[in-house]
Amino acid sequence: MEILRYAIYRFGTMLLTLLVVSVLIFWIINLPPGDYLSNQIAEFRASGQESLVAKAEFLRQEYALDKPLWQQYLIWMGFLPGPHGFSGMLQGNFGWSFEFDRPVSEIVGDSLWLTVLVNLAAVLFVYMVALPLGVIAAAKSRTMIDYTAAFIGYLGLATPNFLLALILFYYGNKHLGLPIGGLMAPEYEGMPMSWDKVKSILLHLIVPTFVIGTSGASAMMQRLRANMLDELGKPYVETAVAKGMRPSRMLAKYPLRVAFNPFVADIGNLLPSMVSGSVLVSVVLGLQTIGPVLLQALKSQDMFLSGFVLMFVALLTLIGTMISDVLLVLLDPRIRYEGRDG
Amino acid sequence: MQPLLSVENLSIGFGKSEPVVRDVNFSVSAGETLALVGESGSGKTISCRALLQILPRAAQIRSGRMLFNPNGDPVDLATLSSRKLRHIRGNRIAMIFQEPMRSLSPLHKIGNQVAEALKLHGRISDSDAKRRVLEQFERVGFPNPDRTWRSYPFELSGGMRQRAMIAMAMVAKPDLLIADEPTTALDVTTQAQVLGLMKELQQETGMAMILVTHDLGVVANMAEQVVVMHKGRVMEAGPAAPILRAPAHPYTQKLFHAAPKIPDPVAQDRPVERDLILEMRDVAKTFTMRAGKAWAAPQKVQACAGLDFSLPRGKTLAIVGESGSGKTTAARIALGAEAPDAGGQVLFRPTPDATPVAVHRMDRKQRRAFQREAQMVFQDPYSSLSPRMRILDTLSEPLEIHDIGGASERRDRAGEMLKMVGLPTDMLLRFPHAFSGGQRQRLSIARALMLNPSLLICDEPTSALDVSVQDQILSLLEDIRDAQNLSYLFISHDLAVVARIADEVAVMRRGLVVEQAPPEELFHNPNHPYTKALIAAQPTPDVNRPINLKLVAQGAGSPEHWPEQFRFKGSDAPPLVAMSPDKGSEATASGHKVRCHV
């Protein structure tokens, strides 16, 4: 029950943080002078297209861009009624993308869950690769196995992702017949979910997962190896050996449990760095994830779109840290029982 | 009778270098205790770890046999397959390590870790294993075995963790127990109790024991056989009693003389000191601990209360107590690093006729001046010197901070101080890792002396050192004190160390001074049960003076269980009462104070 209470408390602080983050995001995207519409209006005026100016002016009022900034923020969040009553993020209305002339939710809809999918796959990949490799490298430290693992790891860290992507696409396609670019075969786009579509998506996921995950995995492997080496020198490991444990079981039961903490704590950091770090990769790989959308929106000052994407990334980060915090409390009794009298 | 274990011509080396253990021979029979004695680096730990092949990876056994013979069918542990060796580890030969704080996994419950020793070596049901572990917990003195089963290591004190380690080693009923400095990290009263427990368990089960220690006092209390090691070789071996009575080898003699001893009574007239360098009046310190939950009220913990000390110039005042007794808090308050609770006063006189500085409420300028006068020597010479700074930089840093002298003057002063602490001046450009523990402690003394202070606060300066090195450091501190007319506030958990250097000793327990007297008076006329327990628990290298466990248990218990006259509960302590001079003796018992009901 203790743990449930902690989770609830942690959820509360998460919401609070999210609120603060929303203020910051709104402030930052409004830092550059002007907004999408006022830029457009200036452009129309210069070229004498008065009819279009009227339409833009109308939109400005429609989306309350003529109001002071703090009111704009409250309307955007849905704390204050806008021109059409309460209709902000809280009410599920994410705003209008001026550049695409469509609602934000329509633009990001698909790429939202594709982003989650790609990143989830990458995170799983990171953990599945880093965990065994890190442990083996530590257990066999200063042997050929360790050096080989480190070499591959550094290769992964040092190779630019887009380059890796191109190489993998070329050879993957040539030798294994893997698809190039995109997240599904073109014929499935916009189609309802079907078994064939899932297969196509999974097939398309292989290369992106590998590309996005490699550097994270090698970094994490090195960290796990270092942590494990620290732990292996501790007296409790000796105690376990003196008890007569088999090395493999001893490794898994004692040092790994302790070395695992930073590993878990990393979940929170992994998510955002993957979303923002994978922009370039997404462009190169032609993935319809949210990264390229964000880049475009920021460039053209499409404020509602970029605001929403940033909020989404922030939410991912916060959820990641929350998960890792709750997991840590579950894993480590020292954190759990802090303050309990011995 | 065949010995249970006999080690023949054992040599161990690292990599390709010279062996660190050479031609070591010893044997131990069932029911017998063998002590391996030596200083750090003597090879005693490596030799006993070799038995179970728990060695650093680079170390190999070069030659020798280790015959283990539990049932008339000897096996050589040196050549055993790792599979068979695993069956012996923890089952036939168990081991206890030095640091109970770190020898248990912090993330697993005690019950789980102890029961594992049983489950690894035979088919045993969970409920049977738990029953046997609980029995063992009860046997090693856990008041509530069920609770211990569910506890995590960090919920237990050091002594209790070592009991858990003993339970883990004993639960499989081994034929041989190897204890590697099992009590070095413990308070002296806890040490006495743990040693007593190990001895009892040995008598019950008839197992053999190999005890690795640097403390001849422990040897005298525990061992029948002794092997003295130095630089990887056996110096002297044989039955304990004759060796301790008349050590034949010069190295054993040296160890023997370095062991701190309780002093003989000397009648001394003590003039009343007027020139006090440091006075603490009615000092108390309460810490407020943040509660674990945001809505709960913070907890108040009293670290110490009612401290009245006066330190005459050129003298040494020692504060003795176990961990948690408040002695370090007292030192920190004396140093101005911590402010006492309102009402407490700390007065410091830099020169005999200067107006006293109120250390408890200094302003910035006063604090700066005070820092030049009062310096500290820390406990752990390994972590109190920056590994990335050359000795010269470490030593001249205080001068830089206080903006004294130019580079060449600083260098000269550093060289001078090195010479004073007995190190050659050409070591100035080295890094700390090039120095041994004793040399590092000399360095931290040199650093403390750089500003030419008048007061040194020594926080257990020798507790991390070997006995013979401890002896040297204490001599050095004495010499410097007398040469420079320094005054020491000396913090220690070891009465015997303090006996030698102190002019006045205050014994602290649970934040209160329970007895205060000059050392001769304290050792030969102790009044308080806790002081008696501390003295009784002190292992001395004398086979005829075993540790009196009854006295230890009585005095080291909680204040509610002390004899009527001294008993108190909670913060309702009796006052510190001056003792009237002993009528029979000539000595005037000046300043002997005891906390008791009159």
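Residues numbered from 1 in each chain as written. Chains lettered and ligands numbered in written order. Predicted model: local features only at pLDDT ≥ 70, side-chain atom pairs only at ≥ 80, totals over all residues. Heavy atoms only, no water.

### A word on the overall build of chain B
We apply this condition: For helices the rule is a DSSP run of H or I covering at least 4 residues; for strands it is a run of E covering at least 2, with both sets numbered from the N terminus onward. Throughout, the radius of gyration refers to the C-alpha atoms, and the reference size of a globule is 2.2 Å times the residue count to the power 0.38. We call a residue buried when its accessible area falls under 20% of the maximum for its residue type, exposed when it is over 50%, and partly exposed in between, using a 1.4 Å probe and counting protein chains only.
Of the regular secondary structure elements, chain B holds 20 helices and 22 strands. In terms of overall size, chain B behaves like a compact globule, its C-alpha atoms giving a radius of gyration of 26 Å where 598 residues would be expected to give roughly 25 Å. With the principal axes as the frame, chain B shows a C-alpha extent of 80 × 60 × 60 Å. Burial analysis of chain B (598 residues in total) assigns 55% to the buried set.

### Re the environment of T148(A)
Position of T148(A) among the secondary structure elements: in helix α6 (residues 144–158). Between the C-alpha atom of T148(A) and that of H204(A), which follows or precedes it by 56 residues, the distance is 29 Å.

### Here we look at the sheet that holds strand β7 (residues 176–180) of chain B
What holds strands together in a sheet is hydrogen bonding between their backbones, with the strands either parallel or antiparallel. Residue and element names in this part refer to chain B. Keep this limit in mind: Two strands pair if DSSP finds at least two bridges between them. Axis angles are defined between N-to-C directions and span 0 to 180 degrees, where every axis is a line fitted to C-alpha atoms and, for a helix, only to the segment in contact.
Strand order across the open sheet formed by 6 strands is β6-β7-β8-β3-β9-β10, with mixed pairing between neighbours. On the outer flanks of this sheet lie β6 (93–96) and β10 (233–239), each paired with one strand and no other. Strand after strand, the sheet turns through a mean of 15 degrees between neighbouring axes, direction not considered. For strand β9 (residues 225–230) and β10, the ladder comprises 6 bridges, and the chain directions are antiparallel. When the sheet's bridge partners are listed, V228 is paired in β10 with E236.

### Here's the deal with the interface of chain B and chain A
Quick note on the threshold: Contacts are assigned to residue pairs with any non-hydrogen atoms lying within 4.5 Å of each other. When two components associate, each loses some accessible surface as probed by a 1.4 Å sphere; the sum of these losses over both components is called the buried area. Salt-bridge detection follows one rule: a side-chain nitrogen of Lys or Arg within 4 Å of a carboxyl oxygen of Asp or Glu. Two N or O atoms count as a polar contact when they lie within 3.5 Å, although within protein this holds only if one can serve as hydrogen donor and the other as acceptor, and sequence-adjacent residues are included solely when both atoms are side-chain atoms. Think of it as three bins: nonpolar holds Ala, Val, Leu, Ile, Met, Phe, Trp, Tyr, Cys and Pro, charged holds Asp, Glu, Lys and Arg, and polar takes everything else, Gly as well.
With 31 residues of chain B at the contact, the number on the chain A side is 32 residues. Both faces considered, chain B and chain A share a buried interface measuring about 2800 Å² in area, 57% of it formed by carbon and sulfur atoms. At the surface where chain B touches chain A, the tally comes to 3 salt bridges. Scanning the region where chain B abuts chain A turns up 12 residue pairs in polar contact (both at pLDDT 80 or more). When residues of the side of chain B that touches chain A are traced back to their parent elements, those giving at least two are β6, α3 (110–119) and α6 (158–170) of chain B. Tallying contributions element by element places α3(B) first for the side of chain B that touches chain A, with 4 residues. When grouped by side-chain class, the residues that make up the side of chain B that touches chain A number 14 nonpolar, 7 polar and 10 charged.

### Quick notes on the environment of E400(B)
Residues and elements named next belong to chain B. Summarising the element assignment, E400 is placed in helix α13 (residues 391–401). Classification of E400 by relative accessible area gives partly exposed; the value is 44%. Taking the C-alpha atoms as reference points, E400 and R410, 10 residues apart in sequence, are found 8.4 Å from one another.

### Brief notes about the UniProt feature "domain: ABC transporter" (unreviewed entry) in chain B
What counts here: UniProt positions are given in the numbering used here, feature names are shortened, and annotations may be inferred rather than shown by experiment.
Feature annotation in UniProt assigns "domain: ABC transporter" (unreviewed entry) to the following positions: residues 5–256 and 278–535 of chain B. End C-alpha atoms of residues 5–256 of chain B are separated by 28 Å, and the span's content is 38% helix alongside 26% strand.

### What to know about the sheet that holds strand β2 (residues 19–28) of chain B
All names here are of chain B. Spatially, the 4 strands line up as an open sheet ordered β2-β1-β4-β5, and their pairing is antiparallel. Every other strand in the sheet has two partners, leaving β2 and β5 (75–76) as the edge strands with one partner each. Judged from the 6 bridges that link them, strand β1 (residues 5–14) and β2 form a sheet pairing that is antiparallel. Looking at β2, one finds that G13 is bridged to P19.

### Comments concerning the UniProt feature "transmembrane region" (unreviewed entry) in chain A
All names here are of chain A. UniProt feature "transmembrane region" (unreviewed entry): in the numbering of this structure it lies at residues 7–29, 112–139, 151–171, 201–221 and 304–331. Structurally, residues 7–29 is divided into 100% helix and 0% strand, and its ends, taken at the C-alpha atoms, are 32 Å apart. Helix makes up 90% of residues 151–171 and strand 0%, whereas the separation of the span's terminal C-alpha atoms amounts to 22 Å.

### Comments concerning the environment of L31(A)
Following the sequence through the fold, L31(A) ends up in the loop between α1 (2–29) and α2 (36–47). Looking at L31(A), the relative accessible area reads 51%, which means it is exposed.

### Some remarks on the side chain of E504(B)
Residue and element names in this part refer to chain B. Relative to the elements of secondary structure, E504 occurs in strand β19 (residues 504–509). The buried category is assigned to E504, whose relative accessible area is 18%. Apart from residues lying up to four places away in sequence, E504 is in contact with T316, L317, A318, Q516, A517, P518, P519 and G591.

### Considerations on the packing of aromatic side chains
Residue and element names in this part refer to chain A. Quick reminder of the rule: Stacked, tilted and edge-to-face are the three classes assigned to paired rings of Phe, Tyr and Trp, where Trp is represented by its six-membered ring and a pair needs centres within 6.5 Å; plane angles under 30 degrees give stacked, over 60 edge-to-face, the rest tilted.
Considering all chains together, one arrives at 16 aromatic pairs over all chains under this definition. Where Y36 meets F98, the ring centres are 6.0 Å apart and the plane angle is 15 degrees; that geometry is what we call stacked. Of this pair, Y36 sits in helix α2 while F98 sits in the loop between β1 (96–97) and β2 (102–103); the two residues are 62 residues apart in sequence, bridging distant segments of the chain. Taken individually, Y36 and F98 each receive the classification buried, so the pair is uniform in this respect. Considering the side-chain rings of F98 and F304, the 5.9 Å spacing of their centres and the 45 degrees angle between planes classify their relative orientation as tilted. Separated by 206 residues along the polypeptide, F98 in the loop between β1 and β2 and F304 in helix α14 (residues 303–331) bring together distant segments of the chain.

### Structural notes on the state of the cysteines
Residues and elements named next belong to chain B. Quick reminder of the rule: Cysteine sulfur atoms are paired as a disulfide whenever they fall within 2.5 Å.
As enumerated under the stated definition, the model contains 0 disulfides over all chains in all. Residue C458 stays outside any disulfide, its sulfur separated by 19 Å from that of C304, the closest cysteine. Judged by its relative accessible area of 0%, C458 falls in the buried class.

### A word on the nonpolar core
Note that soluble globular proteins tend to have their nonpolar side chains buried in a common cluster. The condition is simple: Only buried residues count toward a nonpolar core, which is a set of Ala, Val, Leu, Ile, Met, Phe, Trp, Tyr and Cys residues joined through side-chain atoms within 4.5 Å.
Residues L5(B), L77(B), L176(B) and I210(B) are the most contacted members of the largest nonpolar core, which totals 138 residues. In this view, L176(B) contacts L4(B), L5(B), V28(B), F68(B), R92(B), I93(B), A94(B), A208(B), M209(B) and I210(B); residues no more than four positions away in its chain are not counted. Counting 37 residues, the second-largest nonpolar core is a separate cluster that includes M14(A), I29(A), Y36(A) and L294(A).

### What about the side chain of S454(B)?
Residues and elements named next belong to chain B. As for its placement among the helices and strands, S454 is situated in the loop between α15 (437–449) and β17 (455–459). Looking at S454, its side chain comes within polar contact range of the side chain of E373, at 2.7 Å. Aside from chain neighbours lying at most four places away, what touches S454 is I277, F348, P350, E373, L486 and S487.

### Some remarks on the pattern of salt bridges
When the charged atoms of two side chains lie near each other, side chains of opposite charge can form a pair. If you walk through the whole model with that rule in mind, you get 32 salt bridges over all chains. Note that R65(B) is salt-bridged to E8(B), the shortest N-O span being 3.2 Å. With R65(B) in strand β4 (residues 59–68) and E8(B) in strand β1, the pair connects residues that are 57 residues apart, well separated along the chain. On the basis of relative accessibility, which here comes to 42%, the residue R65(B) falls in the partly exposed class. Overall, the relative accessible area of 25% leaves E8(B) in the partly exposed class. E279(B) is the partner of R281(B) in a salt bridge, and the nearest nitrogen-oxygen pair spans 3.2 Å. Judged by relative accessible area, which is 33%, R281(B) ranks as partly exposed. A residue is classified by how much of its surface remains accessible, and E279(B), at 11% relative accessible area, is buried. Among the charged side chains, a network of salt bridges with common partners joins E238(A), R49(B) and D180(B).

### Points about helix α8 (residues 195–232) of chain A
To keep it simple, the criterion reads: By definition here, a helix of n residues has an expected span of 1.5 Å times n minus one. Bending is quantified residue by residue as the angle between axes fitted to the seven-residue window ending at that residue and the seven-residue window starting at it.
Over its 38 residues, α8(A) runs only 47 Å from end to end, short of the ideal 56 Å by more than 12%, given 1.5 Å per residue. Most pronounced at G213(A), the bend in α8(A) amounts to some 40 degrees.

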